[in-house]
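Listed below are the residues making up each chain.
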Amino acid sequence: MSAKDAPPPLPEPLLVEVADSHTHLDLQSGTVEEALVKAAAVGVTTVVQVGCDVKGSRWAAETAAAHDNVHAAVALHPNEAPRIVLGDPDGWSRQGAREGGGDAALDDALTEIDRLAALPYVRGVGETGLDFFRTGPEGVAAQERSFRAHIEIAKRHGKALVIHDREAHADVLRVLDEEGAPERTVFHCYSGDAEMAEICAAKGYYMSFAGNVTFKNAQPLRDALAVAPLELVLVETDAPFLTPAPFRGRPNAPYLIPVTVRAMAEVRGIGENELAEAIAVNTARAFDY
């Protein structure tokens, strides 16, 4: 194993327990149990396991059912919706190459997400939203239709809405306004600037910050974190992606949350315990556990 692939070392434990509000255990190496033990050893005692397609959402629900400290979120990722409708000839997603199934196939997939969203250990509907980075103009209609359906599902079941917003800020905010956002809405891997953070704050949307808040070029994210109300701030790994500096490029996992928490506390100019206390309360409130 090269140094680049080696898991980073365990950070100093946090003294106040926190939750990783967004992780993908199914994409990480090792078992769920190993990941949870390692995370708990550094004070990360709860994780929200997030589904991105039907298969992953079923897995998230099953994993949450089996572990008290895992909560599930279920959804079709914004990039999954166009692949269901239009097909995925390159097999870019984990399912391999697929034929397009049209709107009927999207309806079938959404029906299954709706069924999973009713389960008690499923605490969120997401990650859903819009992603104009990966999907071209031909996929926008499918993404938006899927996003609107997920908003309706979240509201009907009283679950948190977990948003994936990539290069689509104005449109995500517009659809939320048009549909009426659920009572608890979380911008996962918050990627807006300080101005957008003020809009989110006014609407009571939670902003979850990931390891990229530590990246050199991420000053706009740090500016957003500086103005976000403390009671709306969450932390996440989005593991195995977005590993915080100085481990960028190596595999991420929930046990690295303390690295991001410490960087965030520095941006806020408060102690890490104070920030961790706020994050713990906020995450439990956002996901109603």
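For clarity, every value in this text was computed on a predicted model and none was experimentally measured.

Draft legend 1. Layout of the overall build of the chain. Along the chain, the regular secondary structure elements total 10 helices and 10 strands. When the backbone C-alpha atoms are referred to their principal axes, the chain occupies close to 50 × 45 × 35 Å. A total of 289 residues make up the chain; the buried ones form 54% of that total. Sequence-distant contacts in the chain: of pairs separated by 6 or more residues, those separated by 24 or more amount to 71%. Per element, the accessible surface of the chain, about 11,900 Å² overall, is 53% carbon and sulfur. Looking at charge distribution, the chain has the averaged site of its 26 positive side-chain charges lying 2 Å from that of its 43 negative ones.

Draft legend 2. Molecular detail of the sheet that holds strand S3 (residues 70-74). Taken together, the eight strands give an open sheet; going across it, the order is S1-S2-S3-S6-S7-S8-S9-S10, and neighbouring strands pair in parallel fashion. Where the open sheet ends on each side, the last strands, each with one partner, are strand S1 (18-23) and strand S10 (233-235). Strand-to-strand twist across the sheet, computed as the mean angle between neighbouring axes with direction ignored, equals 30 degrees. Note that strand S7 (residues 160-166) and strand S8 (residues 185-187) share three bridges and pair parallel. Within the sheet, the bridge partner assigned to Leu-161 lies in S8 and is Thr-185.

Draft legend 3. A look at helix H7 (residues 194-203). Buried residues of H7: Met-196, Ala-197 and Cys-200, and no others. Considered in projection along H7, the buried side chains sweep an arc of 105 degrees and stay on one side of the axis. Opposite the buried face of H7, by more than 90 degrees, sit the exposed residues Glu-195 and Ala-202. Each element contacted by the buried residues of H7 is listed here: S7, helix H6 (169-179), S8, strand S9 (206-209) and helix H8 (219-227). Two to three positions downstream of the cap, the backbone nitrogen of Glu-195 sits 3.3 Å from a side-chain oxygen, assigning the N-cap of H7 to Asp-193. Just past H7, the residue Gly-204 takes up positive phi, approximately 75 degrees.

Draft legend 4. Just unusual backbone geometry, in detail. Here the amide bond leading from Ala-239 into Pro-240 is cis, since omega sits at 15 degrees, within 30 degrees of zero. Within the fold, Pro-240 resides in the loop between S10 and helix H9 (257-268). One non-glycine residue, Glu-167, lies in the positive phi region at around 55 degrees. Checked against the element boundaries, Glu-167 lands in the loop between S7 and H6. Although it is not a glycine, Asp-288 sits at a positive phi angle of roughly 55 degrees. On the secondary structure map, Asp-288 appears in the segment after helix H10 (272-287).

Draft legend 5. Focus on the environment of Glu-62. Looking at the secondary structure, you find Glu-62 in helix H2 (residues 54-66). Residue classification places Glu-62 among the exposed residues on the basis of a relative accessible area of 55%.

Draft legend 6. Local environment of the pairing of S1. Of all six residues in S1, six are buried, a share of seventy percent or more. By the bridge criterion, four bridges tie S1 to strand S2 (residues 44-50) in an arrangement that is parallel. In the strand pairing of S2, Thr-23 is matched with Gln-49. In this region the chain leaves S1, passes through helix H1 (residues 32-41) and returns to the parallel neighbour S2; the handedness of that crossover is right-handed.

Draft legend 7. Quick peek at the state of the cysteines. By the definition in use, this model includes zero disulfides. Left without a disulfide partner, Cys-189 is nearest to the cysteine sulfur of Cys-52, which lies 12 Å away.

Draft legend 8. Expanded view of the pairing of S7. Counted residue by residue, S7 has six buried out of seven residues, so it is predominantly covered. As paired strands, strand S6 (residues 122-131) and S7 are joined by six bridges and run parallel to one another. Across the sheet, the residue bridging to Val-125 is Leu-161, located in S7. Between the parallel pair S6 and S7, the chain is carried across by helix H5 (residues 140-157), and the sense of this crossover is right-handed. You can see the chain leave S7, run along H6 and come back into S8, and the turn it takes is right-handed.

Draft legend 9. Fine view of the layout of surface pockets. Estimated volume of the largest pocket: approximately 990 Å³. Taken together, 34 residues form the lining of the largest pocket, with His-77, Asp-131, His-164, Arg-166 and Asp-238 sitting closest to its centre. The set of elements that each furnish at least two residues to the lining of the largest pocket consists of helix H3 (80-86), S6, S7 and H8. When residues in the lining of the largest pocket are grouped by element, the largest group, three residues, is from S7. Residues that form the lining of the largest pocket fall into these classes: 10 nonpolar, 11 polar and 13 charged.

What counts and how
- Residues numbered from 1 in each chain as written.
- Predicted model: local features only at pLDDT ≥ 70, side-chain atom pairs only at ≥ 80, totals over all residues.
- Heavy atoms only, no water.
- Helix = DSSP H or I, 4+ residues; strand = E, 2+ residues; numbered from the N terminus.
- Buried < 20%, exposed > 50% of the residue type's maximum accessible area, 1.4 Å probe, protein only.
- Contact = heavy atoms within 4.5 Å.
- Areas by Shrake-Rupley, 256 points an atom, 1.4 Å probe, with all protein chains shown as cover.
- Lys, Arg positive; Asp, Glu negative; His and termini not counted.
- Charge placed at Lys NZ, Arg CZ, Asp CG, Glu CD.
- Pairing = 2+ DSSP bridges.
- Axes fitted to C-alpha atoms, helices over the stretch in contact; angles between N-to-C directions.
- Arc of directions from axis to C-beta.
- Polar contact = N/O pair within 3.5 Å; in protein donor to acceptor, adjacent residues only side chain to side chain.
- Right-handed = clockwise from strand over helix to strand, strands pointing away.
- Disulfide = S-S within 2.5 Å.
- 1 Å grid on protein atoms, 1.4 Å probe; cavity = no way out; pocket = protein on both sides within 12 Å on 5 of 7 lines; lining within 4 Å.
- Points joined across faces, edges and corners; volume = space filled by probe spheres on them.
- Nonpolar A, V, L, I, M, F, W, Y, C, P; charged D, E, K, R; others polar.

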